[in-house]
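# Coordinate analysis (summary)
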Amino acid sequence: MEEIVSLCKRRGFIFQSNEIYGGMQGLYDYGPLGVELKNNLKSSWWKSIVYNRDDVEGLDTSIITHPNVLKYSGHKDTFTDPLVDCKSCGLRFREDQIPEECIGEELTEPRDFNLMFETNVGPVIDDSSVAYLRPETAQQIYINFKNVIDSTSRSLPFGIAQIGKSFRNEITPRNFIFRVREFEQMELEFFVLPGEDEEWHKKWIQYRLEWWNEQGIPSNKLNLLTVTGDDLAHYSKSTVDIMYQFPHGEEELEGIANRTDFDLGSHTKNQKELNIQARCKDNTESNTRLAIQDIDNNWIVPYVIEPSAGVDRGVLAVINEAYTIEELGDNKKRTVLKLKKHLAPIKTAVIPLKRNNEELVKIAHSLKSSLQKFQIGRVVVENTGNIGKSYRKHDEIGTPLCITIDFDTIEKNTVTIRDRDTMEQKIVSLDDVKAYFMNYFSDAG
Ligand code: GAP
């Protein structure tokens, strides 16, 4: 983990947030390369969930959330972790995460600590203006259920997807970006006919495993864990977590829950008329029926299958998998980030052989802008004049291709294309570079 944290800071993937004022625990900023990698991961999820399917719509909802949403969802009463204090040093931590220095010391009885961040909306700060930063993106999807079906005429089964920030005042944030207080989720709420829920649950577990494989996480690093007992959330009939071997140990990367009709049932009006199966709080405040009519005009409250993945945990997992130290012989090593092409923050570096050589730099910029037009991702000109150093840097940040512009480019109209993983170098005509580039990046591998 230390090597990854160091690479992330040195090369501009991830920084401690608010660092110049001492930093704040559980908060991180994504740097120039981190933002590209994170956007690429989110875009890959969006493509697989929304664009490549015909049964999912997207959504982007507000973060500040009405207190009633979290009252009826159960978060106000139950979204808590057990907090204990060490009577010897006064440290506070989660009951199941006792720091080494407090093991064996006398601890207080655990008490419930609600993880939601509270705020006030508007100029009056009192109980009537209380609102919350959402602890998951899911709730806003449920409360928009009618808006989406009315505007898209969807019928079951269909899903609504959202990517966005969530906030949890974790008692002990730790392990770099694994457990943080502000993070992003990629969540799909997939609405199905009651009775078809178990079959869809299985399908979604399979789809999601395949997607993680495509991001470079091999199957042998992933495990499925069926959540049981007290660990099962109040809304869930069954949850299967996709577990990944993070550098600090095996932990949850994504949860896939069968949330039954709990959520729509909790937020709907006219609950009594709707034959809701889950045990929901009586709702006297919703003004909308969150149900759908079948072909016989009967109202149905759909069951929900929810694959919910953490973006930050995903970024940590793909960096961890890609991070490779290669022995090159003669006591030489190279660090290379073998990211999948579609995730690489920089797709190609164009490197003029000689720094500030007007002719070479001009060709490099012209090639960069023609490659950039394909919108595959970021292409840069690396005007350092040091090819070896540029290769080392771009290996370390995962750039799949480096294209060198040298004097042969002027004389023979050729460039050298170097492959990150094989280090193989090919001489290619400048006229063929665009086709080479498109061809290389069109292959999903
Ligand atoms: N809507 C369901 C839900 O939020 P969850 O298991 O609490 O379920 C889903 O969260 C995913 O969000 C987790 O699998 C994890 O990847 C990510 N996540 C949850 N809490 C996190 C935290 N404090 N820091 C980073 N990621 C977190």
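Residues numbered from 1 in each chain as written. Predicted model: local features only at pLDDT ≥ 70, side-chain atom pairs only at ≥ 80, totals over all residues. Heavy atoms only, no water.

A few words on the pattern of salt bridges. In total, this model carries 32 salt bridges according to the counting rule given. Between aspartate 421 and arginine 420 there is a salt bridge whose closest N-O contact spans 2.7 Å. On the accessibility criterion, arginine 420 (4% relative accessible area) is buried. (Salt bridge = Lys/Arg side-chain N within 4 Å of Asp/Glu carboxyl O. Buried < 20%, exposed > 50% of the residue type's maximum accessible area, 1.4 Å probe, protein only.)

Here arginine 418 shows up in strand β23 (residues 414-419). The exposure class of arginine 418 is buried, given its relative accessible area of 5%. A polar side-chain atom of arginine 418 sits 3.0 Å from a polar atom in the side chain of aspartate 395. Those residues in contact with arginine 418 that lie beyond four places of it in its chain are Arg334, Tyr391, Asp395, Pro400, Leu401, Cys402, Met423, Glu424 and Gln425. (Helix = DSSP H or I, 4+ residues; strand = E, 2+ residues; numbered from the N terminus. Polar contact = N/O pair within 3.5 Å; in protein donor to acceptor, adjacent residues only side chain to side chain. Contact = heavy atoms within 4.5 Å.)

Here we come to the environment of alanine 309. Summarising the element assignment, alanine 309 is placed in strand β17 (residues 303-310). In this structure, the C-alpha to C-alpha distance between alanine 309 and arginine 208, residues 101 residues apart in sequence, is 9.4 Å. With residues up to four places along the chain from it excluded, the contact list for alanine 309 reads Glu184, Gln185, Met186, Arg208, Trp212, Leu253 and Glu254.

Right, let's get into the side chain of arginine 313. Here arginine 313 is to be found in helix α9 (residues 311-322). Buried and unpaired, arginine 313 has no salt bridge, with glutamate 252 as the nearest side chain of opposite charge at 4.8 Å. Polar contacts involving the side chain of arginine 313 include one to the main-chain carbonyl oxygen of glutamate 252, which spans 2.9 Å. The residues touching arginine 313, leaving out its near neighbours within four places in the chain, are Ile177, Phe178, Arg179, Phe246, Glu252 and Leu253. (Lys, Arg positive; Asp, Glu negative; His and termini not counted.)

By themselves, these figures tell us nothing about what the structure is for.
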